[in-house]
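Residue strings, one per chain:
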Number of protein chains: 2
Amino acid sequence: MTNKNHLSEAFKQTKHQIVGHGRRDIQTLKEALKDIDGQQESDMYGTGKIIDDFQTKMARFLGKEAAVFFPSGTMAQQIALRIWCDRKGLKKVAYHPLCHLEIHEEDGLKELHHIEPILLADKNRVIQLEDVVGMKEEVSCLLLELPQREIGGQLPDYKTLVSISTYCREKGIKLHLDGARLFEVLPYYQKTAAEICELFDSVYVSFYKGIGGLAGAILAGDESFTNESKVWKRRHGGDLISLYPYIISADYYFEQRLHKMNQYYQESIELASLFNQCHSVSTIPSEPVSNMFHVHFDGSKEKVEAILIDIYQKTGIGLTGNLREVNKKESYYEVSIGDRYADVPKEELKKVFDVLDKSMRAIS
Amino acid sequence: MTNKNHLSEAFKQTKHQIVGHGRRDIQTLKEALKDIDGQQESDMYGTGKIIDDFQTKMARFLGKEAAVFFPSGTMAQQIALRIWCDRKGLKKVAYHPLCHLEIHEEDGLKELHHIEPILLADKNRVIQLEDVVGMKEEVSCLLLELPQREIGGQLPDYKTLVSISTYCREKGIKLHLDGARLFEVLPYYQKTAAEICELFDSVYVSFYKGIGGLAGAILAGDESFTNESKVWKRRHGGDLISLYPYIISADYYFEQRLHKMNQYYQESIELASLFNQCHSVSTIPSEPVSNMFHVHFDGSKEKVEAILIDIYQKTGIGLTGNLREVNKKESYYEVSIGDRYADVPKEELKKVFDVLDKSMRAIS
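Here the structure is a predicted model, which means the values were calculated and not measured. The written sequence of each chain sets the order in which its residues are numbered from 1. Each chain takes a letter, starting from A, and each ligand takes a number, starting from 1, following the order in which they are written. Restriction of local features to residues with pLDDT of at least 70 applies here, the model being predicted, together with a cutoff of 80 or more for giving and counting side-chain atom pairs; totals for whole chains, interfaces and linings are based on all residues. Processing note: side-chain calculations cover all non-hydrogen atoms of the structure and skip hydrogens and water entirely.

Here we take up the UniProt feature "domain: Aromatic amino acid beta-eliminating lyase/threonine aldolase" (unreviewed entry) in chain A. UniProt tags residues 41–295 of chain A as "domain: Aromatic amino acid beta-eliminating lyase/threonine aldolase" (unreviewed entry). Its end C-alpha atoms 46 Å apart, residues 41–295 of chain A is made of 45% helix and 16% strand. UniProt positions are given in the numbering used here, feature names are shortened, and annotations may be inferred rather than shown by experiment. Counting from the N terminus, the helices are DSSP H or I runs at least four residues long and the strands are E runs at least two residues long.

In structure tokens, the structure reads:
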């Protein structure tokens with residue numbers, strides 16, 4: 001067994017796990033279905049009450065004219081960018097170097113849509129107005145990801161969003177929001193979803209991050225845009241005869257958890273602060289702006305894994321099952337706060353950080 | 001209310017409906033989940049026991065090295081053809097003029113993959129060896145759909161399949177099976193799925209036609225092919241974090257209904273014969289080769305709809321909710337036999353055909 005599997009196994013055996021909502025198991029679906037009338041009709045290839053109602057609800061929530069339910073964000077976002085490129089007749093878009101489309105989608109945007117991305121900003125920081133103004137090439141669309149997941153969930157401030165949006169409108173550049181974790185950043189911005197989304201021409205949100213549903217996404221915009229997206233959805237093979245398992249669970253957990261985003265955010269700040277008090281441990285961002293952040297260790301993956309396993313066994317509290325190597329001397333992992341954090345006894349959590357601090361001192 | 005809605009409404013209000021398995025409602029999923037342990041873990045982006053087990057089971061059933069679960073056949077088949085085109089370096093394939101990819105997918109094959117289809121055979125008959133031998137252009141892949149759904153579910157005989165397969169192997173043309181209704185034709189061929197599939201290089205099967213699951217498809221072939229298909233599945237946005245609602249229901253209804261395919265086939269022959277005894281009514285094929293066929297009326301859509309509504313009201317038995325116009329004097333609909341046919345009392349069914357015969361005589 002590799003160290004990684006050791007860590008993952010030790011994590012699974014802890015009594016309390018401080019991240020996430022819980023195991024991704026079939027109970028998640030069973031619970032969402034339990035109060036649903038079995039006689040309710042399935043959606044049929046994108047039509048029917050169950051999908052119409054949810055699309056209407058999300059369009060209103062996001063302040064957009066219309067919304068379309070997609071099986072995945074990968075599909076929804078490629079399609080959004082394709083539509084904007086087709087409208088302008090220019091197959092170029094701009095996004096961050098660590099954009100989901102650039103690093104997690106096997107180059108679908110390039111291979112299926114032949115769209116060329118222009119990478120904006122250094123990979124360790126978010127896109128600023130200067131990056132957009134300084135672009136040397138013309139693009140059809142700029143994608144902003146709020147928060148920028150791969151760098152710990154960092155955010156531009158609201159003023160920057162407004163200035164980028166204003167600039168793009170002046171220049172005829174469409175602005176698309178990768179809002180995979182949009183719900184999670186609303187408490188930081190102190191804005192409604194609609195107030196953020198009005199800065200964007202098109203918006204994607206996900207239902208299996210902070211919301212904790214099964215899978216699925218919404219793509220929203222004006223009606224001509226969403227109608228065109230339905231044609232592409234069929235082309236991609238995403239216009240399933242029945243999407244209701246995802247729609248029902250998205251709606252169920254949206255209702256359960258949307259109002260808890262501020263709680264997760266505050267807990268995230270609290271937890272990051274505990275990490276930052278430990279020797280050779282720091283978080284990115286140093287103060288989180290959502291329910292997520294990265295924990296960086298000045299210690300090799302191997303050494304830190306041994307420390308974490310020891311902590312799990314001593315305290316019964318699990319921090320993560322998956323530590324990643326930065327280089328031979330540094331390692332990190334991603335934190336997403338969900339329902340489980342509130343269940344961890346604070347006194348026992350203190351022990352975790354006492355042991356972590358001592359152990360990190362011992363290896364430095 | 002249009003006549004169409006009248007027909008659909010009258011159909012819904014009948015006591016017995018002689019086609020299909022029943023309403024597509026949420027109970028379909030609830031039933032499939034009822035004996036599943038809630039603690040069972042979700043699949044994760046194409047990995048995990050729940051998806052591995054089903055893929056292995058289907059690979060064995062189809063006699064192929066490996067199988068991949070897809071959210072839809074639209075996605076699976078475009079990807080299969082793309083892989084074969086890339087291998088040969090030639091973006092041309094051959095298929096029937098009424099192929100699903102040609103008429104139901106908003107040209108995804110062309111728009112996303114830039115593959116050019118060569119249409120083989122007249123649209124009213126299936127592809128024969130001569131059509132393949134007579135092709136004037138080179139292609140990477142030939143797609144055969146068994147049965148050919150849009151012409152009532154017609155089939156080439158087994159000898160023809162063997163001869164086409166042999167020819168394609170000699171000429172270096174990959175042979176792909178659109179087996180959306182493959183399970184349904186096994187009783188006619190008196191072959192196992194593996195015996196049919198060994199004639200093909202790649203195979204797609206669906207789980208929401210005769211099987212009656214929620215959605216989802218399997219693409220099978222050799223391991224290098226299926227591994228490549230997983231990369232394209234991610235590009236298309238089909239590599240969902242959780243596909244288990246479809247996998248569980250596919251497996252559940254596969255077990256429930258695979259062994260009933262011969263029953264559906266025999267019932268289909270019986271029902272077609274009843275139609276063919278009516279004046280101005282005929283079926284395509286005249287003797288079905290699967291659980292499906294088309295019913296053709298020598299009568300306008302409007303007139304036949306009025307007759308059908310009258311029958312539903314007099315007998316409480318519903319034939320179809322959806323009649324299509326061929327031209328001003330002819331109309332037709334598609335029959336798929338499922339679980340419901342067996343529940344229709346034979347005596348009452350006789351009344352349906354008495355009325356139908358008389359009414360069709362009256363309008364001719």
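Our focus in this paragraph is helix α11 (residues 223–236) of chain B. Residues and elements named next belong to chain B. A helix's residues, less one, multiplied by 1.5 Å, set its expected span. With 14 residues, α11 should reach 20 Å at 1.5 Å per residue; the first-to-last C-alpha distance of 20 Å fits that figure. Only protein chains enter the area calculation, which uses a 1.4 Å probe; residues under 20% of their type maximum are buried, those over 50% are exposed, and those in between are partly exposed. Among the residues making up α11, those that are buried are Phe225, Thr226, Ser229, Trp232, Lys233, Arg235 and His236. Projected onto a plane normal to the axis of α11, the buried residues spread over an arc of 155 degrees and lie on a single side. Positive backbone phi, at 85 degrees, marks Gly237, one or two positions downstream of α11. This arc is built from the directions going out from the helix axis to the C-beta atoms.

Salt bridges, as used here, are contacts in which a Lys or Arg side-chain nitrogen is within 4 Å of a carboxyl oxygen on Asp or Glu. Per the counting criterion, the structure on display carries 45 salt bridges over all chains. Among the salt bridges present, the one from A:Arg257 reaches A:Asp339, with a minimum N-O distance of 2.9 Å. One end of the pair, A:Arg257, is in helix α12 (residues 244–257); the other, A:Asp339, is in the loop between β13 (330–336) and α15 (346–363), and 82 residues separate them in sequence. Like A:Arg257, the residue A:Asp339 is buried in the burial classification. Here B:Asp357 and B:Arg361 are joined by a salt bridge, their closest N and O atoms 3.3 Å apart. Linking B:Asp357 with B:Arg361, this pair stays in helix α15 (residues 346–363), spanning 4 residues, or about one helical turn. According to the relative accessible area criterion, B:Asp357 is buried, its value standing at 17%.

When chain A is fitted to chain B, the best match, at an RMSD of 0.1 Å, comes from turning it 180 degrees and sliding it 0.0 Å along the axis. Within this description, the copies of the chain are treated as partners about a two-fold rotation axis. When you check the interface residues of chain A against chain B, 100% turn up at the interface there too, and the contact is symmetric in its surfaces. Alignment of the copies relies on least squares applied to C-alpha atoms, considering only residues that score at least 70 for pLDDT in both. Only heavy atoms matter for contacts: two residues are in contact if any of them lie within 4.5 Å across the pair.

Moving on, we get to the state of the cysteines. Residues and elements named next belong to chain A. Any pair of cysteine sulfurs within 2.5 Å is marked as a disulfide. Inspection of every chain in the model, using the stated rule, returns 0 disulfides over all chains. In this structure Cys141 is not part of a disulfide, and its nearest cysteine sulfur, from Cys85, lies 6.9 Å away. By relative accessible area, which is 0% here, Cys141 ends up buried. Cysteine Cys197 remains unbridged, with the sulfur of Cys141 as its closest cysteine sulfur at 14 Å.

Another point: the side chain of A:His96. All names here are of chain A. Here His96 shows up in the loop between β3 (92–95) and α5 (100–103). Residue His96 is classed as buried on the basis of its relative accessible area, which comes to 2%. Reaching out from His96, the side chain makes a polar contact with the backbone oxygen of Asp122 at a distance of 3.4 Å. Here the side chain of His96 touches Arg125 through a polar contact of 2.7 Å, landing on its backbone oxygen. Once you skip the residues sitting within four places of it in the chain, His96 turns out to touch Leu119, Leu120, Ala121, Asp122, Lys123, Arg125, Val126, Ile127, Gln148 and Ile151. Nitrogen and oxygen atoms within 3.5 Å of one another constitute a polar contact, given that in protein one can donate a hydrogen and the other can accept it, and given that sequence-neighbouring residues count only through two side-chain atoms.

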